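Results of the structural survey
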Amino acid sequence: MHHFQYKEHELFCEDVSVAGLAEEWGTPLYIYSYATLAHHFRAFDAAFREYPHLTCFSVKANSNQAILRIFANEGGGADVVSGGEIYRSLKAGMNPDRIVYSGVGKTHDELDFALEVGILMFNIESTQELNVLNERARLLGTRAPVSFRINPDIDPKTHPYISTGLKKNKFGIESSASIQEYRYAKTLEYIDIIGISCHIGSQITETGPFVEALRRIKSFVHELRREGIRIKYLDIGGGLGITYDKETPPPPDEYAKAVLKEVQDEDLTLILEPGRVIVGNAGILVTKVLYTKSTSEKNFIIVDAGMNDLIRPSLYNAYQEILSVTSFSQEKYVADMVGPICESGDFFARDRLLTRPREGDYLAIMSAGAYGFVMASNYNSRPRPAEVLVDGSETHLIRQRESYEELIQGENIPPFLLSEPGTSRSS
Ligand SMILES: *Cc1c(COP(=O)(O)O)cnc(C)c1O
């Protein structure tokens, strides 16, 4: 369900014309629907209402302040993977005791920052990290609430780059070693064991892998309790998939039902870390057709967005639906839709049957709300796009387009290079 629909022949975001937004704010442009974001969060959170739980939105999926604020207002928390994400979450109004922190490579500075602000839980991924955290907590005169992230060795049947719960992946603690980790953690003076966590991957389109992982973790919780180690929080990560093309992922209530069936008799608080399922279909990237050209091999639609703006097709060979913003033309042809970046991997669609556009037409790249802007870069010295949030008939600019000045902000030419041309050392 999302609020990007045609009215007559024109694509709208809620009550606002997408073409109008593109005219007003320029392209490439990220557009998000507030109604869709709020609805997705509420539907997900409500699916777990019978059981104690905290929905921590996965900030890496979309970290714009305005978007984080929506979920903070809805009573949600944040799942973060860096100090920068903690900073953003706090600035957006997230309560620190609703922040959980995962990641294999937390630095000393990041750990200190998280300890100082007092987050809910550190999801620990190695003994080395645990030792460092214990020491940082000692130095700061505080205690660190932890869970271990267990690698349950489950195949989530998704793209290899986004599967995280297999033995060969870098994430988590091997299940066979976890009991020793907990015993060891118990001996550390500045560590409080409060939970257990796992996150097996992303864009998962069936409940099976979630249930399988959960069963392994659950039997492990029992084992820990037999040893007198009390687990309060069970963090089951994120990873629920969405429909980009023809996928049929379980809707949140079906996912919740499968999860709750496993934990209903347990005295636990669930932590959920949805990312993509909340924001993925709540955002689009609008781009303008610059040129259409045909070679003896192919037809190309060259647009003003590039892989630097939305990298999913290039990085994962991911499918993103392409819609015409105004659909007067019915003529279809097979074409590659490509960006202006100097890389052959810079494409949004290849050999796709698309409506034949004219130069100057706007195209909408659908399902761009998750892992879209957050993965944007300045490659080819391209300023990153603007982002707008639509609420009914109102539009709010939530990130202005970057300027050329911002591109070189923070760079510095050392004085020795500033002598007259022809007098530098190398000449
Ligand atoms: C990326 C990530 C998530 C969110 O994954 P989605 O597939 O976007 O739901 C949740 N938890 C952790 C630890 C992650 O790394």
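Residues numbered from 1 in each chain as written. Predicted model: local features only at pLDDT ≥ 70, side-chain atom pairs only at ≥ 80, totals over all residues. Heavy atoms only, no water.

**Topic: the overall build of the protein chain**
In terms of regular secondary structure, the protein chain is built from 12 helices and 21 strands. Its C-alpha atoms give the protein chain a radius of gyration of 24 Å, within 12% of the compact-globule value 22 Å for 427 residues. Across its three principal axes, the protein chain shows a C-alpha extent of roughly 70 × 65 × 40 Å. Scored against the burial criterion, the 427 residues of the protein chain give a buried share of 54%. The contacts in the protein chain between residues at least 6 apart in sequence include a share of 70% that link residues at least 24 apart. Working note: accessible area of the protein chain is about 19,400 Å², and carbon and sulfur atoms make up 48% of it. Of the side chains in the protein chain, 44 bear a positive and 58 a negative charge, and the two mean positions are spaced by 4 Å. (Helix = DSSP H or I, 4+ residues; strand = E, 2+ residues; numbered from the N terminus. Rg over C-alpha atoms; globule rule 2.2 N^0.38 Å. Buried < 20%, exposed > 50% of the residue type's maximum accessible area, 1.4 Å probe, protein only. Contact = heavy atoms within 4.5 Å. Areas by Shrake-Rupley, 256 points an atom, 1.4 Å probe, with all protein chains shown as cover. Lys, Arg positive; Asp, Glu negative; His and termini not counted. Charge placed at Lys NZ, Arg CZ, Asp CG, Glu CD.)

**Quick look at the pairing of strand β21 (residues 394–399)**
Judged from the 5 bridges that link them, strand β20 (residues 386–391) and β21 form a sheet pairing that is antiparallel. By the bridge assignment for β21, Glu387 is matched with Arg399. Taking the residues that link successive antiparallel strands as the turn, the β20-β21 hairpin has 2 residues, and the phi of Gly392 there is positive, at about 65°. (Pairing = 2+ DSSP bridges.)

**Let's talk about the domain arrangement of the protein chain**
Along its sequence, the protein chain is organised into domain 1 (4–31 + 280–405) and domain 2 (102–274). The distance between the C-alpha centroids of domain 1 and domain 2 comes to 36 Å. Residue-level contacts link 10 residues of domain 1 with 8 residues of domain 2. Both sides of the domain 1 and domain 2 interface together cover about 770 Å² of buried area, and 57% of this is carbon and sulfur. When residues of domain 1 are sorted by the area they lose upon contact with domain 2, Asn281, Tyr316 and Tyr319 head the list and together hold 56% of the total. For the pair domain 1 and domain 2, the interface holds 0 salt bridges. Where domain 1 touches domain 2, the interface holds 1 residue pair in polar contact (both at pLDDT 80 or more). (Domains from an automatic or database assignment. Buried area = accessible area lost by both parts, 1.4 Å probe. Salt bridge = Lys/Arg side-chain N within 4 Å of Asp/Glu carboxyl O. Polar contact = N/O pair within 3.5 Å; in protein donor to acceptor, adjacent residues only side chain to side chain.)

**Some points on a nonpolar patch on the surface**
A contiguous nonpolar surface patch, about 420 Å² in accessible area, is contributed by Ile413, Phe416, Leu417 and Leu418. Here Phe416 lies in the segment after α12 (404–408). Since its relative accessible area comes to 46%, Phe416 is described here as partly exposed. (Patch = residues over 30% accessible without salt bridge, like charges linked within 9 Å, V, L, I, M, F, W, Y side chains within 5 Å.)

**Side note on helix α6 (residues 127–140)**
Taking 1.5 Å per residue as the helical rise, α6 with its 14 residues ought to reach 20 Å, and the 20 Å between its terminal C-alpha atoms agrees with that figure. The complete set of buried residues in α6 reads Glu129, Leu130, Leu133, Asn134, Arg136 and Ala137. The arc that holds the buried residues of α6, viewed along the axis, is 165°, so those residues lie on one side. Of the surrounding elements, those touching the buried residues of α6 are α5 (108–117), β8 (121–124), β9 (144–151), α7 (175–186) and β11 (191–197). Positive phi shows up at Gly141, right after α6, with a value of about 65°. (Expected span 1.5 Å × (residues − 1). Arc of directions from axis to C-beta.)

**Re the site of the ligand**
Not every one of the 14 residues close to the ligand is listed here, only the nearest: Lys60, Ser202, Glu273, Arg276 and Tyr371. Side-chain polar atom of Lys60 to an oxygen atom of the ligand: 2.7 Å apart, as the coordinates give it. The contact in question runs from an oxygen atom of the ligand to an N or O atom on the backbone of Arg276, over 2.8 Å. For the ligand, whose accessible area on its own is 390 Å², the fraction buried by protein is 94%. Within the shell around the ligand, the residues separate by chemical class into 2 nonpolar, 7 polar and 5 charged. (Near = heavy atom within 4 Å. Nonpolar A, V, L, I, M, F, W, Y, C, P; charged D, E, K, R; others polar.)

**Description of the packing of helix α4 (residues 83–91) against α5**
Helix packing geometry: the angle between the two helix axes and the distance between the axes. Contact pair α4 / α5: the axes reach a minimum separation of 9 Å and the direction vectors enclose 30°. Comparing their axes, α5 and α4 come out roughly parallel. Only Glu110, Phe113, Ala114 and Val117 of α5 make contact with α4, whose side of the interface consists of Gly83, Ile86, Tyr87 and Leu90. Broken down by class, the residue content of the contact of α4 with α5 amounts to 6 nonpolar, 1 polar and 1 charged. (Axes fitted to C-alpha atoms, helices over the stretch in contact; angles between N-to-C directions. Parallel < 35°, antiparallel > 145°, perpendicular 65-115°, else oblique.)

**Considerations on unusual backbone geometry**
With an omega of -10°, the peptide bond between Thr27 and Pro28 qualifies as cis. As for its placement among the helices and strands, Pro28 is situated in the loop between α1 (18–25) and β4 (29–33). Positive phi is not limited to glycine here, since Gln203 has a value of about 55°. Its relative accessible area of 10% is what places Gln203 among the buried residues. Even without being a glycine, Ser367 presents a positive backbone phi close to 55°. Within the secondary structure, Ser367 sits in the loop between β19 (362–365) and β20. Residue classification places Ser367 among the buried residues on the basis of a relative accessible area of 6%.

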